[in-house]
Amino acid sequence: PENALVYYYLGYIYHLKYQYSNAILYYKKFKDLANAKGNDADVEGMLAEANDVIAKAKKEAENAMRKLAKKMKKYGETIEDIMKETGLSDKEIEKL
């Protein structure tokens, strides 16, 4: 799992920089490689941590998109533009 660790730490760095989509990408690459090669106890712990971080990063990214949508709505952007930029549905935007 030596090469897998590179992806783990890349994911960790991106997570610290609030770049959640990149963090998720690299954590998933880590998980795929680590699972394919077999694991020792340290890697098992890192896999569990990666799963937790992926879930948290997804939630944080969703919250960031909602905040962006709220600001865009406040400044008069169209629903279509907000949907395109954030990936939220029109119903989600209306609730903001």
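Residues numbered from 1 in each chain as written. Predicted model: local features only at pLDDT ≥ 70, side-chain atom pairs only at ≥ 80, totals over all residues. Heavy atoms only, no water.

## Section: the overall build of the chain
Then, number 1: A tally of helices and strands in the chain yields five helices and zero strands.
Then, number 2: Moving toward the C terminus, one meets the helices and strands of the chain in the order α-α-α-α-α.
Then, number 3: Over its C-alpha atoms the chain spans a radius of gyration of 17 Å, topping by over 25% the 12 Å that the globule rule assigns to 96 residues.
Then, number 4: Taking the principal axes of the C-alpha coordinates as reference, the chain spans close to 55 × 20 × 15 Å. (Helix = DSSP H or I, 4+ residues; strand = E, 2+ residues; numbered from the N terminus. Rg over C-alpha atoms; globule rule 2.2 N^0.38 Å.)

## Comments concerning the environment of Lys67
Then, number 1: Assignment of secondary structure puts Lys67 in helix α3 (residues 41–74).
Then, number 2: Through-space distance from the C-alpha of Lys67 to that of Gln19 is 16 Å; in sequence the pair is 48 residues apart.

## Some details on the environment of Tyr20
Then, number 1: Positionally, Tyr20 belongs in helix α2 (residues 20–37).
Then, number 2: Under the relative-accessibility criterion, Tyr20 is labelled buried at 11%.
Then, number 3: Taking the C-alpha atoms as reference, Tyr20 lies 6.9 Å from Lys58; in sequence the two are 38 residues apart.
Then, number 4: If we ignore the near neighbours within four places in the chain, the residues touching Tyr20 are His15, Ala57, Glu60 and Ala61.
Then, number 5: Among the polar contacts listed, one links the side chain of Tyr20 to the side chain of Glu60, at a separation of 2.9 Å. (Buried < 20%, exposed > 50% of the residue type's maximum accessible area, 1.4 Å probe, protein only. Contact = heavy atoms within 4.5 Å. Polar contact = N/O pair within 3.5 Å; in protein donor to acceptor, adjacent residues only side chain to side chain.)

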